[in-house]
Amino acid sequence: MRDGSSGAAFATAVGARLGQVEVISTQYVDAELLARLAAIRAALMASVGEYDLVSWVGRTAEDHLAEVVRVNAAMSDAPRDAGVEPHTRDAASIRRSEDIALAQGVSLYSVAARHRGTGGFAALTQMTTDRKTPQWALQQMTGVLPGDRGRRLGTVIKIVMLELLTEHEPAVRRILTGNDSSNAHMRTINDQLGYQASDTYRSWDLDVAAARRQLL
């Protein structure tokens, strides 16, 4: 629930326990931002010398699908509420979600860093846009495999994503993303890319039976 909302006030009043805290941030896209990030990308390219950057629009190609599944599996160490199992995605669920999104007028964008030695994806970021709101884009997942972290891959693929997005969607002016407040690494990347915190949402854990007794 959003901070300051009536729902959050109710959760506090009935003794719900605070869970995950998600910070919503907005990136405002303009020519100045694109020029600044292009300079950052150029400075970082030496650090990604072992990797090729791969991008695509729309459905994931068959020869990329297994690697997309593998990077999604690496997200299992992302912060989550206690007792919540990590969400795993197989090839069928990825295909299904892509097809549903495309049928609803959503465009899909993906950028990956592929290790030259192994041919496997080391990092992946994905965004979507909706034809009904052409000035907005939504950041989906960004993941870097544990063994490939520390090489600034997350920063580079997100900059390349912005270049890909603005090439195909020149009307986009704002990009929304959400990150767990404890995910300091990704929030640092977003700060560098010019995202500005705009909202905070919190999950709450409530013993419904106990709350009902209290209200009665």
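Placed above this text is the structure.
Since we're looking at a predicted model, the values are computed, not measured.

## Thoughts on the pattern of salt bridges
- Taken as a whole and judged by the stated rule, the model has seven salt bridges.
- Between Arg70 and Glu67 there is a salt bridge, with its nearest N and O atoms 2.8 Å apart. One end of the pair is Arg70 and the other is Glu67, both in helix H3 (residues 62-74) and three residues apart, which spans about a single turn.
- Residue class for Arg70 comes out partly exposed when judged on its relative accessible area of 36%.
- For Glu67, a relative accessible area of 18% translates into the label buried.
- As a salt-bridge pair, Arg95 and Glu98 come within 2.9 Å of each other at their nearest N and O atoms. In this pair, Arg95 and Glu98 are both assigned in helix H4 (residues 91-103), three residues apart and thus about one turn of the helix distant.
- Looking at Arg95, the relative accessible area reads 10%, which means it is buried.
- When salt bridges with common partners are traced through the structure, they connect Glu62, Arg95 and Glu98 into a single cluster.

## Observations concerning the sheet that holds strand E6 (residues 174-180)
- Spatial strand order, E2-E3-E4-E5-E6-E1-E7: seven strands in an open sheet with mixed pairing. The sheet is open, and its two borders are formed by strand E2 (51-57) and strand E7 (196-205), each paired with just one other strand. Here the strands of the sheet are splayed against their neighbours by 20° on average, with no regard to which way each runs.
- Bridge count between strand E1 (residues 17-28) and E7: eight bridges; the pairing is antiparallel. When the bridges of E7 are listed, Arg17 appears paired with Asp205.
- Its contacts with the sheet put helix H5 (residues 153-168) on E1, E2, strand E3 (106-115), strand E4 (121-130), strand E5 (136-144) and E6, and the angle it makes with E3 is roughly 145°.

## Digging into the packing of helix H2 (residues 31-44) against H5
- Two elements in contact, H2 and H5, have axes whose closest approach is 10 Å; the angle formed by their N-to-C orientations is 140°. Classed by the angle they form, the pair H2 and H5 counts as oblique. For the pair H2 and H5, the sense of crossing is left-handed. Counted together, Leu33, Leu34, Leu37, Ala38, Ile40, Arg41 and Leu44 of H2 and Thr155, Val156, Ile159, Val160, Leu162, Glu163 and Thr166 of H5 form the full contact between these two elements.
- When the residues that make up the contact of H2 with H5 are grouped by side-chain class, the tally is ten nonpolar, two polar and two charged.

## Let's talk about H4
- For H4, built from 13 residues, the straight-helix expectation of 18 Å at 1.5 Å per residue is met to within 8% by its first-to-last C-alpha distance of 18 Å.
- Along H4, the residues classified as buried are Ser93, Ile94, Arg95, Glu98 and Ala101.
- Gly105 lies just past H4 and shows a positive phi near 85°.

## Structural notes on the nonpolar core
- Counting 30 residues, the largest nonpolar core has Leu37, Leu153, Leu165 and Ile175 as its most contacted members.
- Looking at this core, the elements that each hand over two or more residues are H2, E3, E4, E5, H5 and helix H6 (184-192).
- Ranked by residue count, the leading element in this core is H5, at nine residues.
- Not counting chain neighbours up to four residues away, the residues in contact with Ile175 comprise Ser25, Thr26, Gln27, Val29, Met127, Ala137, Gln139, Leu162, Leu165 and Tyr195.

## Topic: the pairing of E3
- Extensive coverage of E3 is indicated by the burial of eight of its ten residues.
- Here E2 runs beside E3; their pairing, made up of seven bridges, is antiparallel. Across the sheet, Tyr51 pairs through a bridge with His115, a residue of E3.
- Where E3 lies against E4, nine bridges are found, and the strand directions are antiparallel. Looking at the pairing, Arg114 lines up with Phe121 of E4.
- Here E3 hands over to E4 after five residues, with Gly119 in that stretch at a positive phi of 80°.

Thresholds applied
Residues numbered from 1 in each chain as written. Predicted model: local features only at pLDDT ≥ 70, side-chain atom pairs only at ≥ 80, totals over all residues. Heavy atoms only, no water. Salt bridge = Lys/Arg side-chain N within 4 Å of Asp/Glu carboxyl O. Helix = DSSP H or I, 4+ residues; strand = E, 2+ residues; numbered from the N terminus. Buried < 20%, exposed > 50% of the residue type's maximum accessible area, 1.4 Å probe, protein only. Pairing = 2+ DSSP bridges. Axes fitted to C-alpha atoms, helices over the stretch in contact; angles between N-to-C directions. Contact = heavy atoms within 4.5 Å. Parallel < 35°, antiparallel > 145°, perpendicular 65-115°, else oblique. Left-handed = near helix turned anticlockwise from the far one by under 90°. Nonpolar A, V, L, I, M, F, W, Y, C, P; charged D, E, K, R; others polar. Expected span 1.5 Å × (residues − 1). Core = buried A, V, L, I, M, F, W, Y, C linked by side-chain atoms within 4.5 Å.

Distances and angles like these do not, on their own, reveal function.
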